[in-house]
Amino acid sequence: MANAKPDDLVDEIDVIRDRLADTVDALIDRSNPKNVARRGLADLKAHFVDETGSPRLETIAPLVGGALAVVAGIVVLRRFLR
């Protein structure tokens, strides 16, 4: 760009400024707390529901089984300690 005309430089600066503004807007949007929460909820939901809306039993069953095992363990311990 050694022989660039001032008008060309101004045009290039305008393009870079617009690109930078778009990048800043995208970063602001991504860091918005509501959007962060929405993405987190969508990620969590994706673990338990597939794209068609059907439950993912391969993920839900071990979680429910683990919860039942913890409850059963607490009940057994309480009866044993009495």
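Residues numbered from 1 in each chain as written. Predicted model: local features only at pLDDT ≥ 70, side-chain atom pairs only at ≥ 80, totals over all residues. Heavy atoms only, no water.

S.K.: Help me out: how do you make sense of a negative patch on the surface in this one?
M.R.: Together, Asp 7, Asp 8, Asp 11 and Glu 12 line one region of the surface with negative charge. The topology assignment puts Asp 8 in helix α1 (residues 6–31). (Patch = residues over 30% accessible without salt bridge, like charges linked within 9 Å, V, L, I, M, F, W, Y side chains within 5 Å. Areas by Shrake-Rupley, 256 points an atom, 1.4 Å probe, with all protein chains shown as cover. Salt bridge = Lys/Arg side-chain N within 4 Å of Asp/Glu carboxyl O. Lys, Arg positive; Asp, Glu negative; His and termini not counted. Charge placed at Lys NZ, Arg CZ, Asp CG, Glu CD. Helix = DSSP H or I, 4+ residues; strand = E, 2+ residues; numbered from the N terminus.)

S.K.: What's the story with helix α2 (residues 33–48) in this structure? I'm lost.
M.R.: For an α-helix, 3.6 residues make a turn, and residues three or four places apart therefore share a direction. With 16 residues, α2 should reach 22 Å at 1.5 Å per residue; the first-to-last C-alpha distance of 23 Å fits that figure. One side-chain oxygen of the residue at the start of α2 lies 2.9 Å from the amide nitrogen of Lys 34, identifying that residue as Asn 32. (Expected span 1.5 Å × (residues − 1). Polar contact = N/O pair within 3.5 Å; in protein donor to acceptor, adjacent residues only side chain to side chain.)

S.K.: Hey, could you run me through the packing of α1 against α2 in this one?
M.R.: Helices that pack against each other are described as a pair by the angle of their axes relative to one another and the distance between those axes. The geometry of α1 relative to α2 is characterised by a closest axis approach of 5 Å and an angle of 65° between their N-to-C directions. For the pair α1 and α2, the contacting residues are Asp 29, Arg 30 and Ser 31 in the first and Pro 33, Asn 35, Val 36 and Arg 39 in the second. Here the residues of the contact of α1 with α2 are counted per class, giving two nonpolar, two polar and three charged. (Axes fitted to C-alpha atoms, helices over the stretch in contact; angles between N-to-C directions. Contact = heavy atoms within 4.5 Å. Nonpolar A, V, L, I, M, F, W, Y, C, P; charged D, E, K, R; others polar.)

Scope: geometric values only; no functional claims are made or implied.
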